[in-house]
Amino acid sequence: MQAPSSEGIERIEARFHGNAYAPHRHDTYALGVTLSGVQTFSYRGKSHFSTPGKVIVLHPDEVHDGGAGTDEGLRYRMLYLPPEKTTEAGYNALPFAQNPVIEDEEFRQCLIEALGNLEGEPDNLLLTDWQSRLADLLWKHSNGSARSIKRIDRIAVLRCRDYLLENSADTVGSEELERISGLDRFTLFRHFRFLFGTSPHRYLIMRRLQKCKDMMRAGAGLAETAFACGFADQAHFTRHFKNAFGMPPGRWLNLVSH
């Protein structure tokens, strides 16, 4: 399965048995998570293995192969990040992760979020969030260090927070938030996450979902609610609601109505 390319970022899911890939190379970072089975590959002169929960990081232009390490087969998802996306996010050089197999829950969770829905097209805010977080995580595991925040521009971040609150049903882009805050998008996203513990995209989605809850309690139908709160359709709304609250909106409404 392959998702549509989004601003140069590609995402795939693959399942196979045995040796699947002959030695080859990409001109992007290949960032993946093993979902089931054992993933084996040769990289920089050594053999490596990844099991479920581990993160794989392959540097651009490095030769590697790939296969299933056991008879059970293999399932994994991979994101291909153009190297210029890391420099756009505020770094002057490319990070080089010293280990191609990493155990890092924050990194794994970021990739799981980015690779969770291969059918949908991520919006501009979500792509900026992925780009910022992945660049920071790559540097965290490289021969450098992640970009540090020396001073939080609270006023700029709060202006963006207020704008998201007032426009939660609208499509909001990173360019708008840059204009409102006076900060570049990657600085803003790092400051926003520092203050609110989440990204502008996630904050916007949660505000929409809160409005959805209020409308459903007041008797609005699911399709009407989805449209009024800024979701593309009822399926889009249901997916986000379930991801946030662990159940579909109809079941939630039944629980709170009794």
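Residues numbered from 1 in each chain as written. Predicted model: local features only at pLDDT ≥ 70, side-chain atom pairs only at ≥ 80, totals over all residues. Heavy atoms only, no water.

Caption draft 1: Spatial organisation of the sheet that holds strand 2 (residues 19-24). A sheet is described by the order of its strands in space; here four strands give the open sequence 2-7-4-5, paired in antiparallel fashion. Each edge of the sheet is formed by a strand with only one pairing partner; in this case those strands are strand 2 and strand 5 (46-50). Between one strand axis and the next, the sheet turns through 15° on average, direction left out of account. As paired strands, strand 4 (residues 39-43) and strand 5 are joined by five bridges and run antiparallel to one another. Within strand 5, the residue paired with Tyr 43 across the bridge is Lys 46. (Pairing = 2+ DSSP bridges. Helix = DSSP H or I, 4+ residues; strand = E, 2+ residues; numbered from the N terminus. Axes fitted to C-alpha atoms, helices over the stretch in contact; angles between N-to-C directions.)

Caption draft 2: Molecular detail of the layout of surface pockets. Of the voids in this model, the largest pocket is the one considered here, and its volume is about 860 Å³. Taken together, 33 residues make up the lining of the largest pocket; nearest its centre are Leu 126, His 201, Ile 205, Arg 239 and His 240. Every element with two or more residues in the lining of the largest pocket is listed here: helix 2 (105-115), helix 3 (124-140), helix 7 (200-217) and helix 9 (234-245). (1 Å grid on protein atoms, 1.4 Å probe; cavity = no way out; pocket = protein on both sides within 12 Å on 5 of 7 lines; lining within 4 Å. Points joined across faces, edges and corners; volume = space filled by probe spheres on them.)

Caption draft 3: Representation of the nonpolar core in the model. By size, the foremost hydrophobic cluster in this structure holds 23 residues, and its most contacted members are Leu 31, Val 57, Leu 79, Leu 81, Phe 107, Leu 111 and Leu 134. Ranked by the residues each element gives to this core, the list is headed by helix 3, at six residues. In terms of nonpolar packing, the next biggest core, distinct from the first, is built from 15 residues, Val 157, Val 172, Leu 177 and Ile 180 among them. (Core = buried A, V, L, I, M, F, W, Y, C linked by side-chain atoms within 4.5 Å. Buried < 20%, exposed > 50% of the residue type's maximum accessible area, 1.4 Å probe, protein only.)

Caption draft 4: Layout of a negative patch on the surface. Together, Glu 7, Asp 27, Glu 84, Glu 88 and Glu 121 line one region of the surface with negative charge. Along the polypeptide, Glu 84 turns up in helix 1 (residues 84-88). We classify Glu 84 as partly exposed; its relative accessible area is 43%. (Patch = residues over 30% accessible without salt bridge, like charges linked within 9 Å, V, L, I, M, F, W, Y side chains within 5 Å. Areas by Shrake-Rupley, 256 points an atom, 1.4 Å probe, with all protein chains shown as cover. Salt bridge = Lys/Arg side-chain N within 4 Å of Asp/Glu carboxyl O. Lys, Arg positive; Asp, Glu negative; His and termini not counted. Charge placed at Lys NZ, Arg CZ, Asp CG, Glu CD.)

Caption draft 5: Up close: unusual backbone geometry. The phi angle at Arg 44 is positive, at roughly 55°, despite the residue not being glycine. Here Arg 44 shows up in the loop between strand 4 and strand 5.

Caption draft 6: The arrangement of the packing of aromatic side chains in detail. A full pass over the atoms with the stated rule returns nine aromatic pairs. For the pair Phe 41 and Tyr 43, a centre-to-centre distance of 6.5 Å together with 70° between the ring planes defines the contact as edge-to-face. Both rings, one in Phe 241 and one in Trp 252, keep their centres 5.8 Å apart while their planes meet at 65°; by these two values the pair is edge-to-face. Remark: Trp 252 occurs in helix 10 (residues 249-256) and Phe 241 occurs in helix 9; sequence separation between them is eleven residues. Taken together, the ring pairs connect Phe 231, Phe 237, Phe 241, Phe 245 and Trp 252 into an aromatic cluster. Stacked on the ring of Tyr 203, the Lys or Arg Arg 207 has its end atom at 4.5 Å from the ring centre. (Phe/Tyr/Trp six-rings, centres within 6.5 Å; stacked < 30°, edge-to-face > 60°. Lys NZ or Arg CZ within 6 Å of the ring centre and 35° of its normal.)

Caption draft 7: Representation of helix 7 in the model. For helix 7, with 18 residues, the first-to-last C-alpha span of 26 Å sits near the 26 Å given by 1.5 Å per residue. Residues of helix 7 that are buried: Pro 200, His 201, Tyr 203, Leu 204, Ile 205, Arg 208, Leu 209, Cys 212, Lys 213, Met 215 and Met 216. Phi turns positive one or two residues past the end of helix 7, at Gly 219, with a value near 105°. (Expected span 1.5 Å × (residues − 1).)

Caption draft 8: View of the side chain of Thr 40. Along the chain, the position of Thr 40 falls in strand 4. With a relative accessible area of 17%, Thr 40 lands in the buried category. At 3.4 Å, the side chain of Thr 40 and the backbone oxygen of His 48 are in polar contact. (Polar contact = N/O pair within 3.5 Å; in protein donor to acceptor, adjacent residues only side chain to side chain.)

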